[in-house]
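Results of the structural survey
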Amino acid sequence: MCGIVGYVGPRDATPIILQGLQRLEYRGYDSAGIAIYSQGEIEIRRDAGKISHLFDLVSAAPLHGHLGIGHTRWATHGEPNARNAHPHLSSSGRVVLVHNGIVENYHTLHDELEAEGVHFQSETDTEVIVQLIERYLSSSNSLVTAVQKALSEIQGAHGIVVFSRDEPDKLIAARIGNAGGVVIGLGDGENFVASDLPAILEYTRRAVFLDPQKIAIITPASLQIQTLNGEIVNWKEQHVTWDPIAAEKGEYQHFMQKEIHEQVRSMTDTIAGRVNFSFGKISLPEIQLTPEFAQTIHKIFIVACGTAYHAGLVGKILIERIAHIPVEVDIASEFRYRDPIIEPNTVTIAISQSGETADTLAAMEEARKKGSTLWSIVNAIGSQAMRLADGFISMQCGPEIGVASTKAYTAPLVDLYLLAILLADLRNTLPTQMRYQLVNDLRRLPNLVGICLDRETEVQEIAHLFTDVSNCLYLGRGINMPTAYEGALKLKEISYIHAEAYPAGEMKHGPIALIDKNLPIIAIAPKDLWNEKMVSQIEQAKARGAKIISIANDGDERIKSLSDRVLWIPQTPWLLSPVTTIIPLQFLAYHIAHQRGLDIDQPRNLAKSVTVE
Ligand code: AGP
């Protein structure tokens, strides 16, 4: 959630850091700050509020120097204000630090340091780290050693970047545990460091991802990586291909709107290179799946959070139907603590846009500990979920900036579809004709998505129906039950309207009591195996005065006659239908929030990447 940027080199560090922070705005934050080494001193500007405000502070009192760090903070300890904003200085003023993570033993360390006479300047847990470094500097006189000693005392998962006015030729970055990613960008006579790649992509494509429990010593001309015990370790550079222009809003008003529209491209890219239509074959090389291994798999777990979890629910139906392998889907934060029974020949698939979600990473570790093979479906290349796994599928969506996930929902649906076909093929359980049919059904998918996108105005036109609405019910069945969950989540997170999703068949067991004319019902009712059932449930709701807005396939007169409004979508092969049914619901949430004048790309209380528990 917090963003970190650092620079060391011949250029003026201030604009590089401020622009880098701006590129991380999508992560969500409530305060921002910068520290620059200038003429023997460390100068800091920081405050609550947006980065534009930090720009104002810096132009009112300019900062110039060749070494610096910046930070966007998402408050965990202490309210968002100038005192609690990062960077934090040690009590002597010689060390300054930015941090991503939560110091779990903060209270013990705080009391210990206070008893030693340290006078804390903030209410943050972060300040204990910089004060610990100060404590160890007094005895060792080496910043690296002091950082190593301090880090060995703190519990939790962390990413930090620190520098000292006594060693103004270097930045020290460290990563402890699975949260707090740290990436070093290699330049020519200059180096960069950040919590996320987009912050530094404008300057370099050469990246080194720091592994957990490692410290990086970064000077303009060198990079050295050590363990916490000071042993030097080898590092590997990766070339990154993401285009920073792809991270711009372009012609759209919000990233969310742009990303909804990018789904034709992401569908095409997801299919491209992986599907051989002539032979009806799928190839997913990064998953490293052999026929021998595929035939031994007894069970699959899918672990994920939020939108990615909803994609997993669709994945269960796809894998069970196509590959006949039993699948359990778990919310990652539950899986990690529920002591799951993992028998031999189990595969656990983690789905994560960011690849840095703490709960998902912990669930992966739990599965690994119990002997499961690990696969991941991730969007962020080089992320931890990708690196922890034995094999991975990359989402091919490009960076997703809007906090509300859209294209990173539909891409894994297709990834799971491809995986299900591949598994079935390698296990010899899929009749050839059916395999050809399933593969062939992918051909039209980008076009079907395009048709849904062209109908944005029709969705926009009904957004006014929600002007005075404060509750909403989403109903679905079968493979589109997860569509109802995902549609409701989209509405909740960006429009702040309470929305609940229910399997339509469950209504009679209680929730039907809620129905009256003030509760709009969004019924997901494409022409599939469950269409008849949805019709009868819509009828029951209608009889109780509910206002019905249906998602239905073009020409479905029966649904039309029962609904107040219909959002039409083209007929889609049923196993792929969740890709098209969700699009009007993404637009609906977007336009309702837009009409309410809300901050769509950065909704309140939310962050793009949830790297803490
Ligand atoms: C989606 O709109 C959400 N903002 C959220 O539920 C998200 O999907 C969840 O936090 C998981 O993130 P991940 O895919 O990066 O792991």
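Structurally, the position occupied by Ser 354 is in the loop between strand 20 (346–352) and helix 11 (358–369). Overall, the relative accessible area of 10% leaves Ser 354 in the buried class. There is a polar contact of 3.1 Å between the side chain of Ser 354 and the backbone nitrogen of Glu 356. A distance of 3.3 Å separates the side chain of Ser 354 from the side chain of Thr 357, its partner in a polar contact.

For the rest of this paragraph, the subject is the sheet that holds strand 23 (residues 471–476). Spatial strand order, 24-23-25-26-27: five strands in an open sheet with parallel pairing. Each edge of the open sheet is held by one strand with a lone partner, namely strand 24 (498–503) and strand 27 (565–569). Neighbouring strand axes in the sheet, compared pairwise and without regard to direction, differ in orientation by 20 degrees on average. The pairing of strand 23 with strand 25 (residues 520–524) spans three bridges and is parallel. Bridged to Leu 473 within strand 25 is Ile 521. Its contacts with the sheet place helix 17 (residues 481–495) against strand 23, strand 24 and strand 25, and it is angled at close to 175 degrees to strand 24.

All right, on to the sheet that holds strand 6 (residues 95–101) then. Strand pairing in a sheet is mediated by backbone hydrogen bonds. Such pairs are either parallel or antiparallel. An order of 5-6-7-8-12-13-14 is seen for the seven strands of this open sheet, with the pairing classed as antiparallel. The outermost strands of the open sheet, each flanked by one partner alone, are strand 5 (88–89) and strand 14 (232–233). Note that strand 5 and strand 6 share two bridges and pair antiparallel. Bridged to Leu 89 within strand 6 is Val 96.

Let's shift gears to the environment of Gln 213. Following the sequence through the fold, Gln 213 ends up in the loop between strand 11 (206–209) and strand 12 (214–218). Accessibility expressed as a relative area gives 36% for Gln 213, which makes it partly exposed. Spatially, the C-alpha atoms of Gln 213 and Ala 174 are 7.4 Å apart, while their sequence positions differ by 39 residues.

If you check the shell around the ligand, you find 14 residues, and the closest are Ser 352, Gln 353, Ser 354, Thr 357 and Glu 493. Backbone polar atom of Ser 405 to an oxygen atom of the ligand: 2.8 Å apart, as the coordinates give it. In this structure, Glu 493 approaches the ligand through a side-chain N or O atom, which is 2.4 Å from an oxygen atom. Within the complex, the protein chains bury 89% of what would otherwise be the 420 Å² of accessible surface of the ligand. In terms of residue class, the shell around the ligand is made up of five nonpolar, seven polar and two charged. Taken domain by domain, the shell around the ligand gets at least three of its residues from each of domain 2 (250–452) and domain 3 (456–595).

When the domains of the protein chain are assigned, the result is domain 1 (3–246), domain 2 (250–452) and domain 3 (456–595). Taken over C-alpha atoms, the centre of domain 2 sits 25 Å from the centre of domain 3. Across the domain 2/domain 3 interface, buried area totals approximately 2,800 Å², and carbon plus sulfur atoms make up 75% of it. Here domain 2 and domain 3 share zero salt bridges between them. For the interface between domain 2 and domain 3, the tally reads eleven residue pairs in polar contact (both at pLDDT 80 or more). Elements with a minimum of two residues in the side of domain 2 that touches domain 3: helix 6 (255–261), helix 7 (263–271), helix 9 (306–323), helix 13 (407–426) and helix 15 (445–454). Top element by residues in the side of domain 2 that touches domain 3 is helix 9. It accounts for nine residues.

Bringing the packing of helix 7 against helix 15 into the picture now. Pairs of packed helices are described in terms of their axes, by the angle between the two and the distance that separates them. Between helix 7 and helix 15, the least distance of the axes is 8 Å, while the angle of their chain directions is 170 degrees. In terms of their interaxial angle, helix 7 and helix 15 are classed as roughly antiparallel. Listed contacts from helix 15 to Gln 263, Val 264, Met 267, Thr 268 and Ile 271 of helix 7 are Leu 445, Pro 446, Val 449, Gly 450 and Leu 453. In terms of residue class, the contact of helix 7 with helix 15 is made up of seven nonpolar, three polar and no charged.

This brings us to the nonpolar core. Counting 94 residues, the largest nonpolar core has Ile 300, Ile 319, Ile 349, Leu 423 and Tyr 474 as its most contacted members. At 15 residues, helix 13 tops the list of elements feeding residues into this core. Structurally, this core is a two-domain feature, drawing no fewer than three residues from each of domain 2 (250–452) and domain 3 (456–595). Leave out the neighbours within four places in its chain, and Ile 300 touches Ile 319, Ile 325, Pro 326, Val 327, Glu 328, Val 347, Ile 349 and Leu 423. Membership of the second largest hydrophobic core comes to 29 residues, among which are Val 103, Tyr 106, Leu 113 and Leu 143.

Another point: unusual backbone geometry. The peptide bond linking His 86 to Pro 87 adopts the cis configuration, its omega dihedral lying at 0 degrees. Topologically, Pro 87 is positioned in the loop between strand 4 (67–73) and strand 5. Located in the positive-phi region is Gln 213, a residue other than glycine, with phi close to 65 degrees. In this structure, Asn 428 takes a positive phi of about 55 degrees despite not being glycine. Here Asn 428 is to be found in the loop between helix 13 and helix 14 (432–440).

A separate point is the packing of aromatic side chains. Each aromatic ring pair is described using two quantities: the centre-to-centre distance and the angle formed by the ring planes. Following the criterion strictly, the structure yields five aromatic pairs and no others. Centroid distance Phe 192 to Tyr 203: 5.2 Å. Interplanar angle 10 degrees. Geometry classified as stacked. With Phe 192 in strand 10 (residues 191–194) and Tyr 203 in the loop between strand 10 and strand 11, this pair connects stretches of sequence that are eleven residues apart. Ring plane angle 70 degrees and centroid distance 6.4 Å describe the contact between Phe 293 and Trp 375, whose orientation is recorded as edge-to-face. With Phe 293 in helix 8 (residues 291–296) and Trp 375 in strand 21 (residues 373–378), the pair connects residues that are 82 residues apart, well separated along the chain. A network of ring pairs unites the aromatic residues Tyr 7, Phe 192 and Tyr 203 as a single cluster. Against the face of Tyr 496 rests Arg 604, its NZ or CZ located 3.8 Å from the ring centre.

Following the sequence through the fold, Glu 366 ends up in helix 11. The contacts of Glu 366, once residues within four sequence positions are left out, are Phe 335, Arg 336, Asp 339 and Pro 340.

Conventions adopted
- Residues numbered from 1 in each chain as written.
- Predicted model: local features only at pLDDT ≥ 70, side-chain atom pairs only at ≥ 80, totals over all residues.
- Heavy atoms only, no water.
- Helix = DSSP H or I, 4+ residues; strand = E, 2+ residues; numbered from the N terminus.
- Buried < 20%, exposed > 50% of the residue type's maximum accessible area, 1.4 Å probe, protein only.
- Polar contact = N/O pair within 3.5 Å; in protein donor to acceptor, adjacent residues only side chain to side chain.
- Pairing = 2+ DSSP bridges.
- Axes fitted to C-alpha atoms, helices over the stretch in contact; angles between N-to-C directions.
- Contact = heavy atoms within 4.5 Å.
- Near = heavy atom within 4 Å.
- Areas by Shrake-Rupley, 256 points an atom, 1.4 Å probe, with all protein chains shown as cover.
- Nonpolar A, V, L, I, M, F, W, Y, C, P; charged D, E, K, R; others polar.
- Domains from an automatic or database assignment.
- Buried area = accessible area lost by both parts, 1.4 Å probe.
- Salt bridge = Lys/Arg side-chain N within 4 Å of Asp/Glu carboxyl O.
- Parallel < 35°, antiparallel > 145°, perpendicular 65-115°, else oblique.
- Core = buried A, V, L, I, M, F, W, Y, C linked by side-chain atoms within 4.5 Å.
- Phe/Tyr/Trp six-rings, centres within 6.5 Å; stacked < 30°, edge-to-face > 60°.
- Lys NZ or Arg CZ within 6 Å of the ring centre and 35° of its normal.

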